[in-house]
Amino acid sequence: MNGNQVMLHEILRNECCVMGKAQAMDETVARLRRCEAQGDSLGDEARRLLKTAVEELSNGENTVLYDDLGIPSVMVRIPAMRCGKLLEDCGKGGFHPAFVAGERIIREVWVSKYLNCVVDGRAASLPMCTPKRIGTFDEAVAICRAKGDNWMPMPFQLRMAIALWCRSRGFLPSGNNDHGHDFFHPGEEGVLSGANLTLTGSGPPEWSHNGRREGIWDLNGNLNEWDVGFRLMDGEIQLIGMEELLMPGGDLSSESSLWRGLGTEGKLVPAGSADALHYAVPEGGIQLSQKAGQNGIGNCAFRDIRAQRGLKIPDTARLLGLFPPDCAKAEASGWRWVNTEGEMMPLCGGAYGVLDHAGIFFAGMTKPRKEDYKFAGVRCVYVEPQAIEEG
C-alpha cells in the first residue's frame, strides 16, 4: 500500500464493518469522498472527519492518530494499570512497569487496534487490511520509528500488562491460529486474505483483547509480533525500561548499554550480574534460574514454566510475564520457546498455523534480530508526551 492509496472514506467504511455498523456514517463517508475528489484526501478537514467519526463509533475508546507524514492509524487507549489489580497476590501497590518511566508515570498508551500494514515505509493500523509480514526485528523497529518521535513497536512489558488484565477479567482472547479459524473454537473464523492470513478486525469480537469490537485485535494468532524491551542473551533475561524506550533514537542494538538484567530481588541490575535471572532448558523444558544452563532450545506451555529449586520468584518476573501467575488457564494462554545460545528477540502471540501453541502469553525467543522470519509482523504504539507526568 502506498501513500496515495490511503483513502480515508475506505478506512471509515471498513471501521464501520469491524464495529458491526456497516451502514453507519454514510454522510461522513460521502464528505470524505468529496474531500478526496478535490485532492484533499489527507487535508486537515478530512483528517478531522475521520478522527471524529472513529471516536463516535467507539464511544471514545478508539481514535485516529496521524504520524509526521499524516498517515492514519486506528488506536486503542490503554490507561495505566496498578500491579495489585493485575495480580491478586502481588504485594506492590504501584503501577505496572509498562507505565513507569524512571520517576514518572505514563498515564496512558495508545496501542494499534490492528496488526500493522505498511504505508510509505511506515507501520499503520488500519481495518480490514492484510497485515504486513515483517521479516526481521530491526525492520520492525525501523518502520515504527519512521512514524516520528514517541512511536515504537509494542513493548513486551506492555503486552504482558494487557495479558494480565485479560486474565484478571477471566477472558483470554482467541484468534486466527488455525488457518483462518481458532483452534479451540473452530466456529470462530475471519476473512481470509491469502496464505492463511485473515483481514484485520474481520473475526468475531472474541478475537479482541476485551471481547468487544473496540478492543485490540489479533493478540492471539495471525502473525507473530516483534516486541521491544526484552531479549535473551545466552539465556540471561535482559530488559530496557520504558523511559529508555521512549528516548528518540534510543539504542536498541545488540551492543547497547541500555540492556539490563533482572535481579533475583526484582530490580534491574547490570547485564551479566551474578544475580541476574536466566531461562534454562533442562530436559527440553523451561526453568527460571539464577544460573545459566547448557545451551539449547526449550519449550513448554506458559503455565508450565518452572523455577530453580530454592529460587524465590520476584513479583516483577510475574508482572512482566516471565513466570506464570497462579492458576493460569492453558486454553488461549499460549506456549513459550527459548534458545539459550546467543541473542534472541521476542516474537509474540503466535501465528496462523501454530494451533494450541498460540495465545496472549505466547512468546518465542528462538530467532536472532537479523534472521528473516516469514511468520512475523508488528504492532506500533504511541505515547503522547503530555501523558508522562511526575508520580
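Our structure's up above, just so we're on the same page.
Each value, and the rule that gives it
Residues numbered from 1 in each chain as written. Predicted model: local features only at pLDDT ≥ 70, side-chain atom pairs only at ≥ 80, totals over all residues. Heavy atoms only, no water. Axes fitted to C-alpha atoms, helices over the stretch in contact; angles between N-to-C directions. Helix = DSSP H or I, 4+ residues; strand = E, 2+ residues; numbered from the N terminus. Parallel < 35°, antiparallel > 145°, perpendicular 65-115°, else oblique. Left-handed = near helix turned anticlockwise from the far one by under 90°. Contact = heavy atoms within 4.5 Å. Nonpolar A, V, L, I, M, F, W, Y, C, P; charged D, E, K, R; others polar. Pairing = 2+ DSSP bridges. Buried < 20%, exposed > 50% of the residue type's maximum accessible area, 1.4 Å probe, protein only. Phe/Tyr/Trp six-rings, centres within 6.5 Å; stacked < 30°, edge-to-face > 60°.

Enquirer: Describe in detail the packing of helix α1 (residues 8–18) against helix α2 (residues 26–37), supporting the description with residues and values.
Expert: The geometry of α1 relative to α2 is characterised by a closest axis approach of 8 Å and an angle of 160° between their N-to-C directions. Regarding the angle of α1 to α2, the classification is roughly antiparallel. In the crossing of α1 with α2, the sense of the turn from one axis to the other is left-handed. Here Leu8, His9, Leu12 and Arg13 of α1 come into contact with α2, specifically with Asp26, Thr28, Val29, Leu32, Arg33 and Glu36. Looking at side-chain class alone, the contact of α1 with α2 contains four nonpolar, two polar and four charged residues.

Enquirer: Just give me the short version of the pairing of strand β10 (residues 230–233), but keep the residues and values in it.
Expert: Sheet topology places β10 next to strand β11 (residues 236–239); four bridges connect them, and they run antiparallel. Paired with phenylalanine 230 across the bridge in β11 is leucine 239. If you look at the hairpin formed by β10 and β11, you'll find two residues sitting between the two strands, and aspartate 234 has a positive phi there, around 50°. Strand direction decides the pairing type here: β10 and strand β19 (residues 343–348), joined by two bridges, are antiparallel. Within β19, the residue paired with leucine 232 across the bridge is methionine 344.

Enquirer: A description of the side chain of serine 333 should follow, citing residues and the corresponding values.
Expert: Within the element layout of this structure, serine 333 appears in the loop between α8 (315–319) and β18 (335–339). We classify serine 333 as buried; its relative accessible area is 2%.

Enquirer: Would you mind going over the packing of α1 against helix α3 (residues 44–57) in detail, with residue names and values included?
Expert: Axis angle and axis distance: for two packed helices, these are the angle between their axes and the distance between the axes, and together they describe the pair. Interhelical geometry of α1 versus α3 gives an angle of 5° and a closest axis separation of 10 Å. Looking at the two axes, α1 sits roughly parallel to α3. Across the interface between the two elements, Leu8, Ile11, Leu12, Glu15 and Cys16 from α1 touch Ala46, Arg47, Leu50, Ala53, Val54 and Leu57 from α3. Classifying every residue of the contact of α1 with α3 by side-chain character gives nine nonpolar, no polar and two charged.

Enquirer: Could you give an account of the packing of aromatic side chains, with specific residues and numbers?
Expert: What the rule picks out here adds up to seven aromatic pairs. Of the aromatic side chains, those joined through ring pairs into one cluster are Tyr352, Tyr373 and Phe375.

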